[in-house]
Amino acid sequence: MKKKIAFIINPISGTSKKKDLPNQINSIMNLDEWEKPEIIFTEHAGHGIELAKKFAAENYDVVVACGGDGTVNEIATGLIGSQTALSIVPYGSGNGLARHWGFSLKPKKAIEQINAGTSHPMDYGMVNDRTFFCTCGTGFDAHISHVYANSGHRGFITYLKYIISEYFTYKPYEYQLEVNGETYVQKAFVVTFANACQYGNDGFIAPHASTQDGLMDICLLDSFPMSSMPKLAWQLLKKKLDKSKYTHYFRSPEAVLKRSYEGEFHVDGEAIELGKEITVKIISNQLHIWI
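The text that follows walks through the structure, step by step, so that each part is easy to find. All of these numbers come straight from a predicted model, not from anything done at the bench.

## Some details on the overall build of the protein
Across its full length, the protein holds 8 helices and 16 strands. When its C-alpha atoms are laid out on the principal axes, the protein stretches across 55 × 40 × 30 Å. The buried share among the 291 residues of the protein stands at 53%. Taken as a whole, the protein presents about 13,300 Å² of accessible surface, with 51% of it coming from carbon and sulfur. The distance from the centre of the 29 positive side-chain charges to the centre of the 31 negative ones in the protein is 7 Å.

## Digging into the pairing of strand E3 (residues 62-67)
In terms of burial, E3 is a largely internal element, 6 of the 6 residues being buried. Relative to E3, strand E1 (residues 5-9) is paired through 5 bridges, and the arrangement is parallel. The residue bridging Ile-8 from the neighbouring strand is Ala-65, located in E3. With 6 bridges joining them, E3 and strand E4 (residues 85-90) adopt parallel strand pairing. From the neighbouring strand, Val-64 faces E4, where its bridge partner is Ser-87.

## Side note on the pattern of salt bridges
Summed over the entire model, instances satisfying the criterion amount to 7 salt bridges. Salt-bridge contacts for Lys-3 lead to Glu-33; the nearest nitrogen and oxygen are separated by 3.7 Å. Residue Lys-3 is located in the segment before E1, and its partner Glu-33 is located in the loop between helix H1 (21-28) and strand E2 (38-41); the two are separated by 30 residues in the primary sequence. Lys-108 is paired through a salt bridge with Glu-112; the nearest N and O atoms lie 2.7 Å apart. Here the residue Lys-108 and the residue Glu-112 both occupy positions in helix H5 (residues 107-115), the gap between them amounting to 4 residues, near one helical turn. Its relative accessible area of 45% is what places Lys-108 among the partly exposed residues. Among the residues examined, Glu-112 registers a relative accessible area of 35% and is labelled partly exposed.

## Examining the nonpolar core
Of all hydrophobic cores here, the largest spans 46 residues; its most connected members are Phe-7, Leu-86, Val-89 and Leu-97. When sequence neighbours within four positions are dropped, the list of residues in contact with Leu-97 reads Asp-69, Val-72, Leu-86, Ile-88, Met-122, Phe-133, Cys-134, Ala-196 and Thr-211. Membership of the second largest hydrophobic core comes to 44 residues, among which are Met-229, Leu-241, Tyr-261 and Ile-278.

## Observations concerning the side chain of Asn-195
Within the element layout of this structure, Asn-195 appears in the loop between strand E10 (190-194) and strand E11 (216-221). Within the structure, the side chain of Asn-195 is placed 3.1 Å from the backbone oxygen of Asp-123, a separation counted as a polar contact. Residues contacting Asn-195, with those up to four places away along its chain left out, are Met-122, Asp-123, Tyr-124, Phe-132, Phe-133, Cys-134, Ala-209, Ser-210, Thr-211, Leu-215 and Ile-282.

Rules of the game
Within each chain, residue numbers correspond to sequence positions counted from 1 in written order. Whole-chain, interface and lining totals are the exception, using all residues; otherwise, since this is a predicted model, local features are given only for residues with pLDDT of at least 70 and side-chain atom pairs are given and counted only at 80 or more. Note that the side-chain values use all heavy atoms of the structure and ignore hydrogens as well as water. Helix numbers and strand numbers start at the N terminus; a helix is a DSSP run of H or I with at least 4 residues, a strand a run of E with at least 2. Any residue under 20% of the maximum accessible area for its type is buried, any over 50% is exposed, and the rest in between are partly exposed; the area is computed with a 1.4 Å probe on protein chains only. Note on areas: Shrake-Rupley, 1.4 Å probe, and residue coverage restricted to the protein chains presented here. Counting rule applied: Lys, Arg positive; Asp, Glu negative; His and chain ends not counted. To locate a charge, take atom NZ for lysine, CZ for arginine, CG for aspartate or CD for glutamate. By definition, two strands form a pair when at least two bridges between them are found by DSSP. Each reported salt bridge corresponds to a side-chain nitrogen of Lys or Arg within 4 Å of a carboxyl oxygen of Asp or Glu. Among buried residues, those of type Ala, Val, Leu, Ile, Met, Phe, Trp, Tyr and Cys that are joined through side-chain atoms within 4.5 Å constitute a nonpolar core. We call two residues contacting when some pair of their heavy atoms lies within 4.5 Å. Here a polar contact is taken to be a pair of N or O atoms separated by no more than 3.5 Å, where protein atoms must pair a possible hydrogen donor with a possible acceptor and residues adjacent in sequence count only if both atoms sit in side chains.

Bear in mind that shape data such as this cannot, by itself, settle questions of function.
Given below as C-alpha cells:
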C-alpha cells in the first residue's frame, strides 16, 4: 500500500521564496511508494495545527512542515499522540530541530531525505501549557527573541546585530531552579531548557541533549565579561559550551523555575510572556519524526 504524505507550507517564514517548492515536491517524491502528495499553504497563525490534526485524523503517514521553527512547532503540536510522523523542509532563520535531526537546509535534498525516510520516536516538551520541541527559556536569549520579533527584519545578521547591541544594557535576574529534588538560587544571564541540542544556526546550547532520552538538558549561563564573548561563541558553535566555567548543566524530566517578575520567555524561538513560576517537563515518545 502506498504511503500518504502532506506538505504544509508557510509562505512567509524565513527569507527564501517557496513558489517552486510544489514543483520540486511533485518531481522528487517517488509515486511508486507514495500517493500523490497533498500540498497546502497556511493562511494564518495556528493554521498549521489545524491542518496537521486534520491529516492525522485522516491517517496520513507523514506531514511535512515547510517553514521555520514556528511552523515546525505548530505542525508538530497538531501531530502529538498520533501515528502520523512529522518531517521538515527547513526554511527558517534558525531551523533548530531540523538541524538537530540532520535535515538538509537545501529543499531539494531535504525532500530526497523524506522520500527515502523512516519513522523514529521523539520526545517533546511542555512549558506550562505550551508545547516545545527544541528549546525554551528566559534571560538574554528570550530578550533577544522579543527584540527580534518586533524589529520587522529577519535573518541571522539581524539577530547577531541585536545580540551585540543589547548585551551592553541587559541586566541578569536572579532565578530559583527546582530540579532533581534540589533547589538552586543564582543570577543567570540565560536559562535554557533543551529537548534538542541547539537553538538553531548550529548554536549548541546543550551539546549532549537528545530528543529520545525522556530528559531535558538545562543550562544556566552566568554573566560574563565582554572579553569572554569570542570564546563563548566559539564554544557554542563547536559543541563545547559545557566546558565553560560560566555554564552549569542539569538533566531531568521536569523542573520548576521561579523568578521575581512576569514577562519575557521564548518557546522554540517564539517570543511569549509567562508568569513568575514556570513548570517545564518532557513527554517521552509521543511524537514521531520521519527522516
